Structures are given as C-alpha cells and as structure tokens.
Amino acid sequence: MPKKILSNFSVEYVQFLNESGRIDPLDYSEVSSLPEQTFKDFYADIVMIRAIDEKALNLQRTGRIGTYASIQGQEAIQVGCAKALQGSDWFFPAFRETGLSVLRGTPIEKAYQYWSGDERGNVVPDNQHDFPVSIPVGTHIPHAVGAALAVKYKKDPIAVLTVFGDGATSKGDFHEGMNFAGVFKLPVVFVCQNNQWAISVPLSRQTASASLAQKAIAYGFEGVQVDGNDVLAVYLTVKAALEKARRGEGPTFIEGVTYRLKDHTTADDAGRYRSQEEVEAWRKKDPIIRLKSYIESHFNWNASDEEALITKVNQQITKAVETYESKAPIDPLSMFDTLFEQLPPDLLRQRERLSKRLNTENEAAE
Amino acid sequence: MPKKILSNFSVEYVQFLNESGRIDPLDYSEVSSLPEQTFKDFYADIVMIRAIDEKALNLQRTGRIGTYASIQGQEAIQVGCAKALQGSDWFFPAFRETGLSVLRGTPIEKAYQYWSGDERGNVVPDNQHDFPVSIPVGTHIPHAVGAALAVKYKKDPIAVLTVFGDGATSKGDFHEGMNFAGVFKLPVVFVCQNNQWAISVPLSRQTASASLAQKAIAYGFEGVQVDGNDVLAVYLTVKAALEKARRGEGPTFIEGVTYRLKDHTTADDAGRYRSQEEVEAWRKKDPIIRLKSYIESHFNWNASDEEALITKVNQQITKAVETYESKAPIDPLSMFDTLFEQLPPDLLRQRERLSKRLNTENEAAE
Amino acid sequence: MSQISLIQAVNQALFEEMARNPDVVLLGEDIGVDGGVFRATDGLIQKFGEDRIIDTPLSESGIVGTAIGMAAYGLRPVAEIQFMGFLYGAMEQLVSHAARLRSRTRGRYTCPLVVRTPYGGGIHAPELHSESTEAFFVHTAGLKVVVPSTPAEAKGLLVSAIRDPDPVIFLEPSRIYRAIKEKVPEGECEIPLGEARLVAEGDDLTLITWGAMLHPTLDAASRISEKGIHADIIDLRTLSPLDSSTIIQSVEKTGRAVIVHEAARTCGLGGEIAAQICEKALLSLEAPVVRVTGYDIPVPLPKTEAWYYPDAEQILDAIETVVHF
Amino acid sequence: MSQISLIQAVNQALFEEMARNPDVVLLGEDIGVDGGVFRATDGLIQKFGEDRIIDTPLSESGIVGTAIGMAAYGLRPVAEIQFMGFLYGAMEQLVSHAARLRSRTRGRYTCPLVVRTPYGGGIHAPELHSESTEAFFVHTAGLKVVVPSTPAEAKGLLVSAIRDPDPVIFLEPSRIYRAIKEKVPEGECEIPLGEARLVAEGDDLTLITWGAMLHPTLDAASRISEKGIHADIIDLRTLSPLDSSTIIQSVEKTGRAVIVHEAARTCGLGGEIAAQICEKALLSLEAPVVRVTGYDIPVPLPKTEAWYYPDAEQILDAIETVVHF
Ligand SMILES: Cc1ncc(C[n+]2csc(CCOP(=O)(O)OP(=O)(O)O)c2C)c(N)n1
Ligand SMILES: Cc1ncc(C[n+]2csc(CCOP(=O)(O)OP(=O)(O)O)c2C)c(N)n1
Ligand SMILES: [Mg+2]
Ligand SMILES: [Mg+2]
C-alpha cells in the first residue's frame, strides 16, 4: 500500500535515582544544584508520610478510623509533587494522596478524621487550594481542568495539578478532561500514580498500551514516564511541567511508575489476586530505601540522624492522633447545613424532624 | 535530565487515488488486481448514494421528510466500508451513514422513512446485522465493542465495524470503547469520518492532536489515516483491517479525512461558521470527480455509460420514494408495543387510554 | 420594551449578566460563532470574545466537569447542553459532584454553576431531542431545577439562576422558544427561585404545571371557565426546591387538583406533588388528584410524538373528572 | 438446603444460570480472581473461566455499553457495577440505549441485560457507596428494577432477571448481604418479576417497602402488633413495573398506608406510590399516606449515616400517626 509516515512520536522515561540508590552518571546539573538540605527534606517527608500511613492502618485495625487506603510504596510521587507545587497552585487529588495532602498543609488529624467517616476531615485550611478526596475514580480530572481554564481566564500566575491512578485512565472523564486541556492549552499537570493495580485488576487488563504516558499523544501534548519511586525524577519532572504550565505552554501528562505495597484498602485482601513474589520484588524498589541509601552515602546520614527524625515524626503523629481523638463528635444535624447557601423550607422541616429524633434518642439514652 | 526513549510510534497515511484522479506510481498490486468492474461498481455506488442524498434534501425542502443529515462529500468512505464488509459482519452506524446503510441492504424507502420521523425506518431486514441510527454522539461505539466481544466469545468468523465522526472522538464512550477493544483484542474496526466539523466546531477545537489516527496509540493498537475521499484507500485499508480482525489479530482505528460539503443537517446553516472558499477547496477533492476521472481515463467510461447509470439510479430512487410515500401511516398505538416483550398492566392501561384518545379524535374528525 | 420570544429573553439575560459580571463565562457546543443551535447565544461571542463564550469539544461530561472546576475556582459558568437528552452523559458530574461540592466540603468550596438545556418535545426533532426527565434532577439533593414558561419568566429566572450561589439546572421548553412573544423588561428583573407563580385564581380547582404545558393548561382553563368553573393555575417555575406551600394553600381552598406534565408518569414530579397534597391536604380533598402526563415509554419520533404529550383536550377531561367526582 | 446469606444466594443464582446457559456471561470490575468486592462472584472464574467472568477496565459506561452490544448480539450479559454510586457514569448508556433498544428497533434487537449493583447504606463505607437512587431507573421507561429483601428472594429474583428478555437493574441491599441467613432452594426457584410479596397480613394498615428497609419495617410491625394493630406488609420486590394492584387492594382493605424507603424523599418512589393510592383508593383512605424516607441530602459519611436512614422507631411513629389520625 502507498503508505507514508504522517507523524512520529516518542515517549521518554526519566530516572535519576535508581533502585540501588545511585545516580549514574553523577553530574546532572539539576541534581547537583540541589542543596543537601533538600535531599534531607525529601527524606524526612517520605519517612513522615510512611509513618502517618502506618498509624492510619493501626487506627483502622483498632477500630478508631474506618476503611483506609494505604499509600505505602507511593511516597516518592507524593513528596515529589508536594515539593514541586507552590502554595498558590491548586491541587485536585483522587483518594490515595493522603501524604501529598498533608504535605500541602492538611493537618494530619484532618486526614484521620476524613477516614473515620467524618465530613469535617474534608475541609482544607482556607489558604490551601486543594480539593477534597474524590471517590468516583477519574471524575475529578475535569475539575482540575476547569480550574485551569479559570486560571487562564483570570491570568493568575499559578498552575493546577491533579493526581489519579492507573485505573482512572480508563474512565471517560480522564479522556474528556485531557482533551479539554489539550484543546485549550491549559496550565494543568496530570500525574498518574501507576501503581500497577486497580484493586485486583492489573495494568494489563486496564489498557493494551505499552505505557500510560503515551496516552498523551492522543491529546496533542507531552506525556512522559518517570520512575515514580525516584523522588528526584518526580520532583524535577513535575516542577518543570508546572513551570511550563505557568508560562502558558500548556499541559503535561506524567506517568509515575510505582507500586502499591499494601492492600487496596483495609477492606481488601490483595493476597487473593497477586503473588507475594511480586510484592517482594517491588519492596526492593521502595522509595525510602533508595533515598536513604543516597543520603547515607552522599551526606553522611547516620543512625542518630535517623533516630532524631523518627522521634520527631512520632511526636507529630502522636499529637495529631490526640487532636483527632479529642475532637467533639460531629453534630448529626450539621448534615443539613451546607447543602445550599440557604436551606429551603422543606429541608428546614426535615432538619427539624431530625432534631426531634435526636432529642428523643438523647432523652431515651439519659 | 536523564531521559531515555521508552518507545517510538509512527502514524501512517494511505492514499491511492489523488485529487486529480491519478494513482502514482501506477503499479500497486492491490489496485492492479482489482477487476474493471469493481471500479465501475464503486462508481455506481457513489453516484447512487449521492443521488439518494440529493433526493432526501429535496424531500426535506418540500416537507415530505423531516430534519436530514446530508452525506455529500463523504461517499467514498461509505462505499469503501460497504464494499469491504461481508454480509455476515455487523455494522454500527452513527447518523451520517445513510449511504453505507443502504449499500448494506437497508431499502432506500426505509432511510427516508426514518428521516421522516417514523420508527419503522429503524428496522433493518432480518439478515442484515446493522444497528439503527444512534443519535447521542459516540455512544454506539461500546455497542460495537460489545458485539465484537460476543463474536470472540462465540468464535464466529466475522468482524464488526463502527463508524462515527470527528466530534465523537471527544466523548468518553469513544475512549471507553476503544480501550476495551484494545484490552480484549477484539475483532472490531473503528472508522472515523473526519469531515473537519462537528456542526460549527472545527477539528482544531475538537482536539489538539495532529491527527485523529494517532489516538489509537493510547489504546495500544494500530491507527492509520487514509484519504477518505479516495475510495480505494478506504476500501483496501478497511478490508485489510476487517481481515485482520477476523484472523483474531485485534482492532484497528481508521481515520478517513474527508469533508461535509453541505450543512450539518437541514436545520443548520453552515454559512454562519465556515467560509465559502473552504467549501470550494474541498469540492475540488470530491470523491466522485476523481473516481470518474479515473474510470474515464482507464476504462473508457463515457457519456452514455454515465447517462445509463444516472437513469438507473433515478429509477431506483423514484421507485423508493413511491414506496415510501405509499406506506400506511404509522399507528400511534404501536408506540407501546415494543417497549418490553410483554407489556405490564399499568402500561396496558396507558395504551388503552391512548386508544380512547385516538378513537375520540377520529370520531371528531369524521 | 419590545416584544421578544423566550429564546431572545434567554439571550438577553445572558447578555446582561455577562455585561454586569466578568466572572460569568459560557461554555458548550456550538455556542460561539454559530450562536447555539437555537441561537440562545447569538451575538455574544462578537460582544464578549471567545475567552468568555467557549465552544467546547463534543463532551458533555467534560463540559459539566470543567464547569464545576471553573465554579469552584470563582467563576460563574453557564454551560449549555445542546439537548436535555445529552445531559445523561453528564449525570455523574451532576449527581456526584455539582450537587455535593458544597456539602462535601462543608462550604469550603461552592458550585455556582448553571446548566442550561432545551427540554421537552414538540419540535419534530430526532430521538433524544424531546426529553423531559426533570424528575432525575429534582430527586438529586443539592441541585436546583428551574423551568420558565414565558419570555419574561425566562429572563427573570435565568438571571436569578446565574446569581444563585448553588448549582441550577435551567430547563428551557424548546417548543415555546419562539411560540410566544411578550414584553420583557430590559435591565433588572430577577424572579426569586423557589417561588411558584399563581397565574390565575379560581375557587373550583387547582391546576399545577410548568414550562410548555402551562399553555395547553391555560387553554383548557379558559374553555372550562366558560362553564363557570374557575381554577387556580400554578406555574411552578422552580421545581426544586418545590414551593409546596403555594400548592397546599391552593388545594386547601379548592379541594381539587390536576397536575399536568409532559414527562413520563411513573416517578415524575407529578407523583411527588400528588403525594404531598394527599399528605398535607387530605381532609380538604374532594376528589382524587389527577395527573395528566406523558406515557411511560420513550418519546416517540415526530410522526407520532403529538400523541405522546398532554393537550388541552386531555387536561379538560381531567378537569371534568375531578370537578364532577 | 443450607442456610445461606443474600450474597451467597446471588452467587448461587449466578452459578446456576451460568451452568444452565452458556450465553450467560459476567463482566465488571474485580469480579474475576477477586470474586467481586463483596464476593458475589466468588469461585465463578475458577469454574467458568475468564471468557465468561470478565474483569474489565475501570469504566462504567464502557461496561454497560459493551454489555448492550453483547446482549444485542445474543448473549445474556450480567454486568456488575461495584457500587450504585458509580452507575451514574453509565446513565447515558442505560437511559438512551439499554432502555430503548427494543422499542427503537421495534423488536428487531433486544437487550436482555442485567446490571447488578450493591445499593443502599449502612455499611460504613466512603462517600457514594450508600446510594439509593432507584427512582432514576423507575422513572426510565424500558428498564425493569428489582430489589430483593432476603436470600431466597435474591436468588429467585436474580434468576428471573437473567432469564428476562429485557434490561433489568438488579439492586442488592448491601447492608443485608450477610445480615440474614435463610434456607434457599437449590435449583429452580424463579420468582416472577412484577409481583409484590405480601409478607404479612393485617387489617389495620398497609406497610409498603422493599430491600433492606423491609427488616426495620417488620420490626416495627411486630412491636405494634403487641398493641393489637396488624398490618399488611408488602415487599415490592419489583419496583418497575410496579405491582400497583397489590398495593391498591391492600389499602382498599386497610384504609391506611405507610411507605418506607431509604432513598431521599422528594421524587422518590414513595411519592409515586402515595400518588397512586390517592388516585385509586382515595375514598378508602382514613388517614393521609405517610412516607418514612431518607432526607433530601446526600447520604452522610459513616459517622452520621445512621441518622439518615429510617429505623424501626421512626416507622413506629409513622404507624401511630396513621392509625390514630
Ligand atoms: C467510578 C468508580 N468506579 C469504581 C470505583 C471503586 N473503586 C475504588 S478504587 C478502585 C480502583 C482504582 O484504581 P486506580 O485508579 O489505579 O487507583 P489506586 O486504587 O490504584 O490508587 C475502584 C475500582 C470507584 N471508586 N469509582
Ligand atoms: C452526545 C451528543 N451531544 C450532542 C449532540 C448534538 N449533535 C448532533 S451531531 C453533532 C456533531 C457531531 O459531529 P461529528 O461527530 O463530527 O459528526 P458529523 O456530524 O460531522 O458527521 C452534535 C454536537 C448529540 N447528538 N449527541
Ligand atoms: Mg492503581
Ligand atoms: Mg464531523
């Protein structure tokens, strides 16, 4: 057939810090220009969000919070994104971004409160421009795109970042959002935490494409794959993409290759659908191990540094748990109070009815 | 940054018969092995569906059918697909495939009946495995994919073809359908009639991607662009894709580059949003002109051949219009009859109510 | 103050609100140079430019989802969905997000979004261009649902919808886009959401309806009034939140009610209204509440669609039934 | 015949129908090796293989749209949507296609499809895992809607749903997936769709409910019976088509009715039922029909969700109200 090549595309892969905690070659200017403290901060953040997660799993086991989605194994993406973002940027998470949200400013106790099934955990501080957890997979992506459209319209000097999983790339809203971003050349960065699984569905059942990054080709903008367990690759790639967005040069799609080390949520049993060997292989690629090894060998990070860090982190978390547990129980009546700016008459009557029900049951309880 | 190339992709373009009706070079085996009669059949079909369309526009203007979507300019894709399909294959159209449907076996009068607003026009003959017109853009794509899944499950020796417009590629269902087809490696061929416009929205507002064909990269299967006004390119590419599908080698996405020469529908006024120059430029690429020029120069197609063809076509259409216009009016009561296999009691009562209403109005009319 | 049609009133409301507030931004399919398939946005792109009149890809979930993000960021997006039958593609965005953003975040984020869409049948259009599934949205807590019935109503209600701090589904009865012309004030003319309109007063029965169905209802009412039977006629205008008290007060007075809507009967809004009447005004009722509605089948294609909708004749029948019960 | 739970009954129905008919094919997220997040499909992939138990991408519209194509081609697909809150993404496929394929083609194509989904709250799950928006589907002409209330009911109704020649939305009350065990016949046990079940008989009032709400209703009924008040208890089982005649006959006998559902009140199915009672049995009514329902707000998160749903206490209150009217 008389075929001619219409266009060529290539998809790139970025990795600085490999599985052994080494950077080869060693002279990337982006890395060498980073101060020692940055590495240590990255490490401290990774350790902290791992610990927040461990504590959440513990709170769940002991019945003090509800169903919880662990982030273990995916800390590098979350720290890399958090560090790359500026405070004035907007962030739209899925539901497995607890670490990222905390690093953005959400108090740890709020995170626990949310996972305990208390709406108050969804209220981010006023100066933090982050959306709450979005449960229906992929459906928050157009929100980020819409915010980016508003940013462009208002000519605000910021960018928007949204994070989602590999499963989300199958949803229509991923497609419609990505497409809008391309058409309107919006200041938005899409970060996919490709952790290989959507509950029990492996990536191979999610898509036949060799990478998720290549999906950006469909939308006419750049897609890049990074080692999602390499905090440097994530940080530098996301940072560059955010800067590009702020310069008005349009969207970027970043696939971070990573792995969910724990069950999907505490309601799941990953042993039903994946092998222990697979998990073990990925444990070796743990983002903590390689970053620790790097700072040990480059910056003399030692056992007492580690201990000091752990102590500090534990204190913070202990305090957060105390704060969380000392919160007054949520007032059931408040379920009515933010439906609309003004509650219409019929709803006021329904609220009244609940109020009576609460009084009766309180009296009965006394 | 330490980037390495993860993968490379290229998208191909196929054209045999160019705008001047020439094939350069002349010795493609696919073309030279086609008998003369095939070219003449292609031409006869193109001429016929153009005439069917002209008549439809005329019927609409004279109030004998309702809103109608013209296919003019897009005949080559429709003939190419129709000829490539086998009778046992299944076909899922959008709404601008009147020509293709007729070539598949739908009586011309049925097409007019459908566009007159009569559900009976949606009933394809029993041995024709075609879905009816699908109005919500892009939403029929998963149906084709589902049929292909069933084909694969039943190991039937057939393939499925679905056709849609450039606008449809923006819909979530396009994405979800394409993705399923890739994941399950289904025997389905996606043909996009890229006619440059979705009502008043130009392609550049529909997507930022340089071609629609490249969207297939997102789903891990082949996408190819063809000159949609070159019936040979369409026919040979679609045929190869259908054969590949029947061999169990999975889906193909084919973008046919073409142009809608008329208004979006008879309810539209394209003069509001596109220039006469643009239309004129595309008129020169009309699929009829180039195919006629080819058979004139290669097979001595002459004025009397042309006249004989036109006469035959006109006779067919005249007969179809007569048949269409002689149909008894549709019975309003029948609107109830195929909701379910068995109408439940409440609906029987509603049907009874309509029946009374009809009787009363009939009496009043007498 | 000239006589204008409903579609012109919509256009005027959009124009004035855009001129008043730079945060009002429109998005949808074909709303730009084409001015919308019904011309609701005619001339607006020339006036406000393509940053504020945004032609989008063919992507209903994308349109509504994007509008949610815009609204949360601080804009006042007005999205056009080309026909109500294509709103189903945006259902998840509406139900799971637009309706919940405020309550999900306890007021931290809000969603001052309007989704406009032509609705209802009678325009001889293809399938899915004649839907009236307002009940889906009325049943969705957190959404407001508004349906105008005349040009002046359309303008006043759309202005209020755009200024409303919460998401509003604004359903425009396409059948009467051009059927009626009336004088519509230029400038300020907000009609508060949540308040029904008593179109006519009478002691013998209550007619409750909205949108295009108001007109055959008025027809039937005027014909029955020749027999000395006079109706309160309530044009709901806002379907959610429902102005129950206007309905109940009227039925307490008249003792009889007929509800008219073109939507399918089962689980339509008429059922809710009848239920509320029977809950709150049972002792006043002198006859069963009668619903005149579309059938529980998809709206048929143009050749037979006229048989699907209630007309004045059927409304008259219903009136006779409740009056002579 | 052993005692099994509702989820086991679902599993058994799927198993038996798959064994009986090779055209029955399941698709959905995590239904394969994982056996479904509630284990509805546990063990099926081992028995029937991955050609018949199809784990799909995360794609609700894709799942339903694909199932429609499979059904039209001649299979009997049973799609699982992981939670009802994710069915909204498939709304367009359901409303615009599944419900209409038969009527659109005047019977040339049919859509014998079942969409199963866990529904309702009370399982302490995250947002959108507790929806009960059955009214959306009841309002959609062309769909059947079925809700079982016990294990045996679940099995018999699911078998019928799979054998039904038309699309069925099969809503499984997740709260009672494991709460009740009962003896369920192995093998044939079809329960016809469209017929309500009279669970108990009494002359004093009619209690109408379905799904998980049957159980607090039974509770309330047994408590009130101690006061000598006895109720007809109707478990609707099929919400669409509605078995109106069973409802009306009962209310004609008792003169009083309480409807219980956990869905939001406005435009819920309770409104339709109350309206029908008032239309068809007004003269028998000795008290207003009372609806005990969820509120018109999104279902709250686990900490307060218990306050959202009707419980036996509230049903009792409603019974007292109608009985002592
Ligand atoms: C629209 C939708 N469908 C189904 C679910 C149920 N569900 C919750 S998480 C999940 C898998 C998500 O996979 P992925 O996007 O890869 O994110 P991950 O859990 O791996 O972080 C599913 C199916 C949901 N929440 N939303
Ligand atoms: C989901 C949906 N949204 C909007 C419409 C209204 N509409 C009908 S055709 C059309 C444009 C379709 O463009 P394209 O897919 O390129 O097909 P073409 O008309 O060019 O053949 C639109 C917006 C529709 N039918 N369905
Ligand atoms: Mg994942
Ligand atoms: Mg087009």
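Residues numbered from 1 in each chain as written. Chains lettered and ligands numbered in written order. Predicted model: local features only at pLDDT ≥ 70, side-chain atom pairs only at ≥ 80, totals over all residues. Heavy atoms only, no water.

Draft legend 1. The environment of Ala218(A), seen in detail. By secondary structure assignment, the location of Ala218(A) is in the loop between α8 (203-206) and β7 (222-227). In contact with Ala218(A), not counting residues within four places along its chain, are Thr207(B), Ser209(B), Lys215(B) and Ala218(B). (Helix = DSSP H or I, 4+ residues; strand = E, 2+ residues; numbered from the N terminus. Contact = heavy atoms within 4.5 Å.)

Draft legend 2. Expanded view of the site of ligand 2. Near ligand 2 lie 20 residues; those nearest to it are Arg96(B), Asp166(B), Gly167(B), Asn195(B) and Glu60(C). At the site occupied by ligand 2, nearby residues are drawn from chains B and C. One of the backbone N or O atoms of Val137(B) is found 2.9 Å from a nitrogen atom in ligand 2. Taken together, the residues that form the shell around ligand 2 break down as 10 nonpolar, 5 polar and 5 charged. (Near = heavy atom within 4 Å. Polar contact = N/O pair within 3.5 Å; in protein donor to acceptor, adjacent residues only side chain to side chain. Nonpolar A, V, L, I, M, F, W, Y, C, P; charged D, E, K, R; others polar.)

Draft legend 3. Geometry of the domain arrangement of chain C. Residue and element names in this part refer to chain C. In terms of domains, chain C is made up of domain 1 (2-184) and domain 2 (197-323). Computed from C-alpha atoms alone, the centre-to-centre distance between domain 1 and domain 2 is 26 Å. In this complex, domain 1 contributes 28 residues to the contact, which on the side of domain 2 involves 23 residues. Across the domain 1 to domain 2 interface the summed buried area is about 1900 Å²; carbon plus sulfur atoms make up 56%. Summed over the shared surface of domain 1 and domain 2, the result is 3 salt bridges. Linking Arg-197 and Glu-153 is a salt bridge whose minimum nitrogen-to-oxygen distance equals 3.2 Å. Elements represented by at least two residues in the side of domain 1 that touches domain 2 include exactly α6 (134-138), β6 (144-146) and α7 (151-163). When the residues that make up the side of domain 1 that touches domain 2 are grouped by side-chain class, the tally is 15 nonpolar, 8 polar and 5 charged. (Domains from an automatic or database assignment. Buried area = accessible area lost by both parts, 1.4 Å probe. Salt bridge = Lys/Arg side-chain N within 4 Å of Asp/Glu carboxyl O.)

Draft legend 4. Representation of the packing of helix α6 (residues 141-154) of chain B against helix α7 (residues 172-183) of chain B within the structure. Residue and element names in this part refer to chain B. Remark: α6 packs on α7, axes separated minimally by 8 Å, with the N-to-C direction vectors making an angle of 15°. Comparing their axes, α7 and α6 come out roughly parallel. Two packed elements cross with a definite hand, and for α6 against α7 that hand is left-handed. For the pair formed by α6 and α7, the contact residues are Ile-141, Pro-142 and Val-145 on the first element and Asp-173, Phe-174, Gly-177, Phe-180 and Ala-181 on the second. Of the residues contributing to the contact of α6 with α7, the split by class is 6 nonpolar, 1 polar and 1 charged. (Axes fitted to C-alpha atoms, helices over the stretch in contact; angles between N-to-C directions. Parallel < 35°, antiparallel > 145°, perpendicular 65-115°, else oblique. Left-handed = near helix turned anticlockwise from the far one by under 90°.)

Draft legend 5. Molecular detail of the interface of chain B and chain A. Facing the 47 residues of chain B at the interface are 47 residues of chain A. Summed over both sides, the interface between chain B and chain A buries roughly 4000 Å², with carbon and sulfur atoms accounting for 58% of that surface. For the pair chain B and chain A, the interface holds 2 salt bridges. Of the charged contacts in the structure, one is a salt bridge between Lys3(B) and Glu12(A), with a shortest N-O distance of 3.8 Å.

Draft legend 6. Broad picture of the site of ligand 1. By nearness alone, 20 residues border ligand 1, and Arg96(A), Asp166(A), Gly167(A), Trp197(A) and Glu60(D) come closest of all. Nearby residues around ligand 1 are contributed by chains A and D. One nitrogen or oxygen atom from the side chain of Asn195(A) is found 2.8 Å from an oxygen atom belonging to ligand 1. Tallied by class, the residues present in the shell around ligand 1 amount to 10 nonpolar, 5 polar and 5 charged.

Draft legend 7. Fine view of the pattern of salt bridges. Summed over the entire model, instances satisfying the criterion amount to 102 salt bridges over all chains. Residue Arg205(B) pairs with Glu50(C) through a salt bridge whose shortest N-O separation is 4.0 Å. Highlighted residues: Arg205(B) in helix α8 (residues 203-206) and Glu50(C) in the loop between α2 (44-48) and β3 (53-55), drawn from two different chains. Glu279(C) is the salt-bridge partner of Arg291(D), the closest N and O atoms lying 2.6 Å from each other. Placement of the pair is Arg291(D) in strand β14 (residues 290-294) and Glu279(C) in helix α10 (residues 269-280), with the two residues belonging to separate chains.

Draft legend 8. Representation of the coordination of the magnesium ion (ligand 3). Residue and element names in this part refer to chain A. For the magnesium ion (ligand 3), the protein coordination sphere consists of Asp-166 (OD), Asn-195 (OD1) and Trp-197 (O), at 2.0 to 2.1 Å. Counting residues between consecutive donors of the magnesium ion (ligand 3) along the chain gives the motif D-x28-N-x1-W. For the pair Asn-195 and Trp-197, one class covers both residues: buried. (Donors = N, O, S within 2.8 Å, 3.2 Å for Na, K, Ca; no water. Buried < 20%, exposed > 50% of the residue type's maximum accessible area, 1.4 Å probe, protein only.)

Draft legend 9. Highlighting the nonpolar core. By size, the foremost hydrophobic cluster in this structure holds 412 residues, and its most contacted members are Leu236(C), Ile277(C), Leu236(D) and Ile277(D). With near-sequence residues (within four places) excluded, Leu236(D) lies in contact with Glu195(D), Ala196(D), Ile208(D), Thr209(D), Trp210(D), Leu242(D), Ile247(D), Leu269(D) and Ile273(D). Counting residues in hydrophobic clusters, the runner-up holds 38 residues, among them Leu333(B), Val258(C), Ala287(C) and Ile319(C). (Core = buried A, V, L, I, M, F, W, Y, C linked by side-chain atoms within 4.5 Å.)

Draft legend 10. Region of interest: the domain arrangement of chain A. The assigned domain composition of chain A is domain 1 (12-22 + 29-330) and domain 2 (332-366). Between the C-alpha centres of domain 1 of chain A and domain 2 of chain A there is a distance of 38 Å.

Draft legend 11. A look at the side chain of Asp296(D). In this fold, Asp296(D) is placed in the loop between β14 and α11 (302-305). For the buried Asp296(D), no salt bridge is present, and the opposite-charge side chain at shortest range is Arg265(D), 6.1 Å distant. Engagement of the side chain of Asp296(D) in a polar contact is seen with the side chain of Thr266(D), the distance being 2.6 Å. When sequence neighbours within four positions are dropped, the list of residues in contact with Asp296(D) reads Leu339(A), Leu347(A), Gln350(A), Ala141(C), Ala264(D), Arg265(D) and Thr266(D). (Lys, Arg positive; Asp, Glu negative; His and termini not counted.)

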